[in-house]
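Residue-level structural notes
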Amino acid sequence: MVTRRLSREEGHKRKFLTVIDGSPECGRAVAYAAGRAARSNGVVVLLFVIEPGEFQHWLGVEEIMRAEAREEAEARLATYAEEARLRFGVDPECVIREGRLAEEINAVIDGDGDIAILVLAASTETDGPGPLISSLAGKSGTTFHIPVTIIPGTMSDDDILGVT
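Rules used throughout
- Residues numbered from 1 in each chain as written.
- Predicted model: local features only at pLDDT ≥ 70, side-chain atom pairs only at ≥ 80, totals over all residues.
- Heavy atoms only, no water.
- Helix = DSSP H or I, 4+ residues; strand = E, 2+ residues; numbered from the N terminus.
- Expected span 1.5 Å × (residues − 1).
- Buried < 20%, exposed > 50% of the residue type's maximum accessible area, 1.4 Å probe, protein only.
- Pairing = 2+ DSSP bridges.
- Axes fitted to C-alpha atoms, helices over the stretch in contact; angles between N-to-C directions.
- Contact = heavy atoms within 4.5 Å.

1. Observations concerning helix H1 (residues 26-40)
Its 15 residues place the ends of H1 21 Å apart at the C-alpha level, agreeing with the 21 Å of an ideal helix rising 1.5 Å per residue. Within H1, burial applies to Cys26, Gly27, Ala29, Val30, Ala31, Tyr32, Ala33, Ala34, Gly35 and Ala37. Directly beyond the C-terminal end of H1, a positive phi value near 55° is found at asparagine 41.

Take a look at the structure:
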């Protein structure tokens, strides 16, 4: 079921969703999304997904690993949120979810009718577009009910800021 988008209705702001995955290219997606949000009076949503399968141990070990993964997620989100604040003057919403990446992206989109665009960035590596885009593109049946913007890995910060 497609959730109705509300971002263009009165009292709502267009939100740009980016996925923080630790790859070098996710910073480019944040820069683009934050620049667009700043220029359009929008909001950036930073999403970190903790994948399942990392906690398949005894209960005590599982709890420690889950807490460590959450701390890492909070630290990464804080870093990118601070960059968005300092460089673009936008205060991002930070979301941490546990689950399968595509499912959690869709759940966040479905749960927030103001999210209008998913922003991803491609890698500059010759072996493919990067782990995030590869994982999403490789899953048959993965669809998003909003436009997806993919920032080329070869774009400089100046190029990104010029097109926002």
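After presenting the structure, the write-up continues.
2. Quick word on the pairing of strand S4 (residues 115-121)
In terms of burial, S4 is a largely internal element, seven of the seven residues being buried. Where strand S1 (residues 15-19) meets S4, four bridges bridge the pair, whose relative direction is parallel. Counted as the bridge partner of lysine 15 is isoleucine 115 from S4. Of the pairings in the sheet, the one linking S4 to strand S5 (residues 148-151) comprises four bridges and is parallel in character. Within the sheet, the bridge partner assigned to leucine 118 lies in S5 and is valine 148.

3. Some details on the sheet that holds S5
The strands making up a sheet associate through hydrogen bonds between their backbones, and the pairing can be parallel or antiparallel. Spatially, five strands are ordered S3-S2-S1-S4-S5 in an open sheet, and the strand pairing comes out parallel. Each of the sheet's edge strands pairs with one partner strand only, and the pair in question is strand S3 (93-98) and S5. For this sheet, the mean inter-axis angle between neighbouring strands, taken without regard to orientation, is 25°. Running over the sheet, H1 touches S1, strand S2 (43-50), S4 and S5 and is turned about 170° from S1.

Just geometry here; none of it tells us what the structure is for.
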